[in-house]
Amino acid sequence: MNSNTDLATKIETWLAKNSNYVFYALLAIFVLSSLLHFSLRLSIAGDDSTYITRALNFIESGKYPDYQAPLYPIFLAAIIAIVGINIPILKLSSLLLLLIFMVLFYRTFKNKVSFTILTYSFTILSLSSYFIFFSSQTFSEPLFLVFTILFFHQSFRWIPNKAPSHWTPQRKDIIEVLLISLFALGMYLTRTVGIGAIISLVIFLLISKDYKRATWSIITFGLFVFVFNVIRDAIWDIPSSDSVQALQLLSKNPYNATEGNEDIVGFINRFIDNSNLYLSKHFLRIIGFRTELNNTVIPLATIGLYALYIWGLFTTFKQNKYLLFTAIFITTMLGITFISLQKLWDQYRLIIPFIPFMLLFICNALINLFNTNRLKKYRKIVLLIFTGSIILTGWSSVKKTDLDNLSQNINGNIYAGFTPDWVSYLKMVNYVNTQLPNDSYVACRKPNIARIYANGKKFYGIYRIPSDDPYELAKLLKDKGITHVIMGSLRKNPYAYTGKSINTIQRFLSPMGKLYPEAFSIVKKYGEQEPTYLIKINYDIILNKEVQ
């Protein structure tokens, strides 16, 4: 190698020469990181247990999981049908899915972007605790990522270097566009935002003036959606949940419809707010440049990332069709996300499926920026940024390892790692499962996670207070067949004990308890500072007095 060759070129040459060794080394790091961060606990947020619950309902009663896209609960149902409610196996399926994604991600973009960019992106994904978190969670992201990279892989094979003036689809072309549409359908049925995939492809083909391929893409995807809906409606008699989700997305507050719907200015503000949250906070956390302790947004960082993106789009428009396609995909997906979701959600998992592609594109834009004549002499800054990002990401990930609780979970202590409020709650769930009669039906605030930890026993969920009339509340519970109620002390702030807890159950029982305290009896209690009570209700006391 020429001694005058700069460091960046030397690194690129070395990575290209040793690409296979680097790939397998990083893949091993990803697996090791995933195992070190593996969690056998279900998330207290409840989304993962909700997916499992929908899978159970699909198996036991054939109920179609229509809300929040159906495919992932059906995927879990297939596993549960074989191994039962085996939490470790269900979680290992996520690790397997992410492993498939990582392999296909590298293979798909190899020789389509520089090895420096691909290696940096792959390293961050292998080290970031935010990404590898999903390798042991029953969330839909791993399955969505697999469909996404299959969609990319097949699209890259299908789109030509230059749109032919007279293109007639051959058998191979038809098979390829059918596969693309099938993977796009998989994305859409795993997460609703997946509809953006086929939109991205059509926009790319229209920009490339490849109108015939764009038309074929629309027709085949539409055909798949039509056939799926026909089959679904023939088997299940269900109302469409799309209108419900649409109303929630249009609302200013998804929990309070009385606040009304957003106007144009509201959607613009929503886009700005979400841009700041997901770019200046969550994205910078994922690549190591911010900590979890800092929850503020940095508008200047958001502007900088948008400027870098625009620069990258300008420089890749005619240079790299694969990165152009990636840029259009990112724009579509983040655009849908930032406009459709209220800022109160503020969950980084909403952009996790797009992070791998954002890394590739932003890194390429940064390298192109420092390859300009004015900045070329400062190219080492890019290497410093990449190195610093990797070190900070790795160090943050190391600090989050929790081997002690993982060891205890493996050895049978299912409560290790939970805060005291959840320990008392889950112990009560176990008591309900093992000590109460089989015909008992218990109401609680977190029914889905309770059902999983009770080995499938159903619980009734109380999420709101429909009335302040004690008679109506008692009648509602009795009509549902509720025999007991779990009243916990689950923290409002899950990270610290503040004395404030989620008090939905307390507020529900309060109107009855104030007038008829003798109607309630405590069957069991777990915990002291953050206790959980199992309460039995004597409905006759309340309902008979009401009649009198």
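Residues numbered from 1 in each chain as written. Predicted model: local features only at pLDDT ≥ 70, side-chain atom pairs only at ≥ 80, totals over all residues. Heavy atoms only, no water.

1. With respect to the sheet that holds strand β1 (residues 442–444)
The strands making up a sheet associate through backbone hydrogen bonding, with each pair oriented either parallel or antiparallel.
Move 1: Spatially, five strands are ordered β2-β1-β3-β5-β4 in an open sheet, and the strand pairing comes out mixed. The sheet is open, and its two edges are formed by β2 (459–461) and β4 (520–526), each paired on a single side. For this sheet, the mean inter-axis angle between neighbouring strands, taken without regard to orientation, is 30 degrees.
Move 2: Sheet topology note: the β4/strand β5 (residues 532–537) ladder contains six bridges and is antiparallel. The residue bridging Phe-520 from the neighbouring strand is Ile-537, located in β5.
Move 3: Across the sheet, helix α22 (residues 504–515) is in contact with β1, β3 (484–487), β4 and β5; its angle to β3 comes to roughly 125 degrees. (Pairing = 2+ DSSP bridges. Helix = DSSP H or I, 4+ residues; strand = E, 2+ residues; numbered from the N terminus. Axes fitted to C-alpha atoms, helices over the stretch in contact; angles between N-to-C directions. Contact = heavy atoms within 4.5 Å.)

2. Some details on the packing of helix α16 (residues 355–369) against helix α17 (residues 380–399)
Move 1: Running from amino to carboxyl end, α16 crosses α17 at an angle of 155 degrees, the nearest separation of the two axes being 9 Å. The angle between α16 and α17 falls in the class roughly antiparallel. In this structure, α16 meets α17 at a crossing whose hand is right-handed. Listed contacts from α17 to Cys-363, Leu-366 and Ile-367 of α16 are Val-382, Ile-385 and Phe-386.
Move 2: The residue makeup of the contact of α16 with α17, split by class, is six nonpolar, no polar and no charged. (Parallel < 35°, antiparallel > 145°, perpendicular 65-115°, else oblique. Left-handed = near helix turned anticlockwise from the far one by under 90°. Nonpolar A, V, L, I, M, F, W, Y, C, P; charged D, E, K, R; others polar.)

3. So, the packing of helix α5 (residues 87–109) against helix α8 (residues 141–158)
Move 1: It is at 8 Å that the axes of α5 and α8 come closest, and there the two elements cross at 20 degrees. What the angle tells us is that α5 and α8 run roughly parallel. Considering how the two elements wind past one another, α5 and α8 form a crossing that is left-handed. Facing Ser-94, Leu-97, Leu-98, Ile-100, Phe-101, Leu-104, Phe-105, Thr-108 and Phe-109 of α5, the residues of α8 in contact are Pro-142, Leu-143, Leu-145, Val-146, Ile-149, Leu-150, Phe-152, His-153 and Phe-156.
Move 2: Along the lines of polarity and charge, the residues of the contact of α5 with α8 split into 15 nonpolar, three polar and no charged.

4. So, the nonpolar core
Move 1: Judged by nonpolar contacts, the single largest core of 130 residues is most densely connected at Phe-101, Phe-105, Phe-109, Phe-151 and Ile-486.
Move 2: Residues contacting Phe-101, with those up to four places away along its chain left out, are Leu-125, Phe-131, Leu-145, Val-146, Ile-149, Pro-356 and Phe-357.
Move 3: By size, the runner-up hydrophobic cluster in this structure holds 20 residues, among which are Leu-477, Met-487, Leu-509 and Ile-535. (Core = buried A, V, L, I, M, F, W, Y, C linked by side-chain atoms within 4.5 Å. Buried < 20%, exposed > 50% of the residue type's maximum accessible area, 1.4 Å probe, protein only.)

5. Topic: the packing of aromatic side chains
Move 1: Counted according to the given criterion, the structure contains 41 aromatic pairs.
Move 2: Between Phe-151 and Phe-152, the ring centres sit 6.3 Å apart and the planes meet at 85 degrees, which makes this aromatic pair edge-to-face. Accessibility classification places Phe-151 together with Phe-152 in one group, the buried group.
Move 3: Its guanidinium or amino end placed over the ring of Tyr-130, Lys-400 lies 3.9 Å from that ring's centre, counting from NZ or CZ.
Move 4: A cation sits over an aromatic face here: Lys-427 above Tyr-415, 5.9 Å from the ring centre. (Phe/Tyr/Trp six-rings, centres within 6.5 Å; stacked < 30°, edge-to-face > 60°. Lys NZ or Arg CZ within 6 Å of the ring centre and 35° of its normal.)

6. Thoughts on the side chain of Ser-49
Move 1: With respect to the element layout, Ser-49 can be found in helix α3 (residues 47–61).
Move 2: A polar contact of 3.4 Å, which involves the side chain of Ser-49, links it to the backbone nitrogen of Ile-449.
Move 3: Residues in contact with Ser-49, not counting those within four places in the same chain, are Leu-42, Asn-448, Ile-449 and Ile-452. (Polar contact = N/O pair within 3.5 Å; in protein donor to acceptor, adjacent residues only side chain to side chain.)

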